[in-house]
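Chain by chain, the residues:
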Amino acid sequence: METGQKTESRMKNNVIQRNEMEIQFDALSVNEAFARVAVAAFVAPLNPTMEEISDIKTAVSEAVTNAIIHGYDGQFAGEDGLGGGQGRANQVFLHCLIDEDVLNVEIRDTGRGIENIEQAMEPLFTTKPEMDRSGMGFAFMEAFMDDLEVVSQPGCGTVVLMKKKLGTTSWLRQEE
Ligand SMILES: Nc1ncnc2c1ncn2[C@@H]1O[C@H](COP(=O)(O)OP(=O)(O)OP(=O)(O)O)[C@@H](O)[C@H]1O
Ligand SMILES: [Mg+2]
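Here's a quick rundown of the structure.

With respect to the pairing of strand β5 (residues 102-109)
Here comes step 1: Extensive coverage of β5 is indicated by the burial of 6 of its 8 residues.
Here comes step 2: Here strand β4 (residues 91-99) pairs with β5 via 8 bridges, running antiparallel. If you follow Phe93 over to β5, its bridge partner there is Arg108.
Here comes step 3: Between β4 and β5, which pair antiparallel in sequence order, lie 2 residues; one of them, Glu100, sits at a positive phi of approximately 55°.
Here comes step 4: The pairing of β5 with strand β7 (residues 157-165) spans 8 bridges and is classified as antiparallel.

A word on the site of ligand 1
Here comes step 1: Neighbouring residues of ligand 1: 20 residues in total, closest Asn66, His70, Thr126, Thr127 and Met136.
Here comes step 2: Within the side chain of His70, one N or O atom sits 2.7 Å away from an oxygen atom of ligand 1.
Here comes step 3: Take Phe138: an N or O atom from its main chain is 3.0 Å from an oxygen atom of ligand 1.
Here comes step 4: In the complex, 95% of the free accessible area of ligand 1, which totals 600 Å², lies under the protein chains.
Here comes step 5: The element that contributes the greatest number of residues to the shell around ligand 1 is helix α3 (residues 50-71), accounting for 5 residues.

Thoughts on the pattern of salt bridges
Here comes step 1: Tallying each qualifying case throughout the model produces 5 salt bridges.
Here comes step 2: Across the pair Lys165 and Asp101 runs a salt bridge whose closest N-O atoms are separated by 3.0 Å. Pair noted here: Lys165 is in strand β7 and Asp101 is in the loop between β4 and β5, with a separation of 64 residues, a long-range link.
Here comes step 3: Asp101 gets classed as partly exposed once you look at its relative accessible area, which sits at 31%.
Here comes step 4: Among the charged side chains, a salt-bridge network with shared partners connects Asp73, Arg112 and Lys128.

A short note on the packing of aromatic side chains
Here comes step 1: Tallied over the full model, the rule gives 2 aromatic pairs.
Here comes step 2: Arranged with centres 5.9 Å apart and planes meeting at 90°, the rings of Phe25 and Phe34 form a pair that is edge-to-face.
Here comes step 3: Judged by relative accessible area, which is 5%, Phe25 ranks as buried.
Here comes step 4: Of the residues examined, Phe34 reaches a relative accessible area of 40% and is grouped as partly exposed.

Remarks on unusual backbone geometry
Here comes step 1: If you check the backbone angles, Asn47 has positive phi at about 55° while not being a glycine.
Here comes step 2: Relative to the elements of secondary structure, Asn47 occurs in the loop between α2 (30-43) and α3.
Here comes step 3: Of note, Asp132 is a non-glycine position whose phi angle comes to about 60°, a positive value.
Here comes step 4: Position of Asp132 among the secondary structure elements: in the loop between α4 (117-120) and α5 (137-144).
Here comes step 5: Since its relative accessible area comes to 72%, Asp132 is described here as exposed.

Remarks on the nonpolar core
Here comes step 1: Formed by 34 residues in total, the largest nonpolar core has its most connected members in Leu94, Ile107, Phe138 and Met162.
Here comes step 2: Among the secondary structure elements, those contributing two or more residues to this core are β3 (18-26), α2, α3, β4, β5, α5, β6 (147-153) and β7.
Here comes step 3: Per element, the largest residue contribution to this core is 7 residues, and it comes from α3.
Here comes step 4: Not counting residues up to four positions away in its chain, the partners in contact with Met162 are Ala59, Val60, Ala63, Leu103, Asn104, Val105, Ile107, Met141, Met145, Asp147 and Leu148.

A look at the side chain of Lys164
Here comes step 1: Mapping Lys164 onto the fold places it in strand β7.
Here comes step 2: The exposure class assigned to Lys164 is buried, which follows from its relative accessible area of 5%.
Here comes step 3: At 3.3 Å, the side chain of Lys164 forms a polar contact with the side chain of Asp55.
Here comes step 4: Beyond its immediate stretch of four places on either side in the chain, Lys164 contacts Glu52, Asp55, Ile56, Asp101, Val102, Leu103, Phe144, Met145 and Asp146.

Rules of the game
Residues numbered from 1 in each chain as written. Chains lettered and ligands numbered in written order. Predicted model: local features only at pLDDT ≥ 70, side-chain atom pairs only at ≥ 80, totals over all residues. Heavy atoms only, no water. Buried < 20%, exposed > 50% of the residue type's maximum accessible area, 1.4 Å probe, protein only. Helix = DSSP H or I, 4+ residues; strand = E, 2+ residues; numbered from the N terminus. Pairing = 2+ DSSP bridges. Near = heavy atom within 4 Å. Polar contact = N/O pair within 3.5 Å; in protein donor to acceptor, adjacent residues only side chain to side chain. Areas by Shrake-Rupley, 256 points an atom, 1.4 Å probe, with all protein chains shown as cover. Salt bridge = Lys/Arg side-chain N within 4 Å of Asp/Glu carboxyl O. Phe/Tyr/Trp six-rings, centres within 6.5 Å; stacked < 30°, edge-to-face > 60°. Core = buried A, V, L, I, M, F, W, Y, C linked by side-chain atoms within 4.5 Å. Contact = heavy atoms within 4.5 Å.

Below, the structure written as structure tokens:
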């Protein structure tokens, strides 16, 4: 249970100052829809515009799809049938933090990782052209969010960190 003091520090004039959530789910394509709806529901108290919700959902969808089809090669379970020997299926981790009017989203997998991040982030670059992939996932994440960072280690997995400031047009675009 939260103490009154802690609740107060997270709320000011009935506006959320800080709110955090983390979920973990099986690397199944049905969970792409679950993840984007979960994030949309989480940001709802900030009264985002339809455009902001749509941007966030698109970016989350792209990152989760990447974790499933590239990180885990579309395999629900690892080669040993147990999800990399950990006794369970391959997992995608989704962490969200609302810090005043900024949404931070982290999407992580423990899959194959990315050899060359700079090249992977180039528009139209894909390692799965045979699957009709267009290589635009990272470009969409970059376009629809205000900040995108990718950290990855081959053989260990990938973390995608995204930020979006809600309530105004992008602060990066404003700076330009
Ligand atoms: N989580 C991940 N794990 C391993 N490799 C990844 C991951 N995310 C992206 N990649 C690599 O980066 C490349 C580019 O990703 P991006 O999302 O931009 O394009 P794509 O997934 O190939 O195509 P699209 O997203 O348009 O369907 C991928 O082809 C893949 O090689
Ligand atoms: Mg993609």
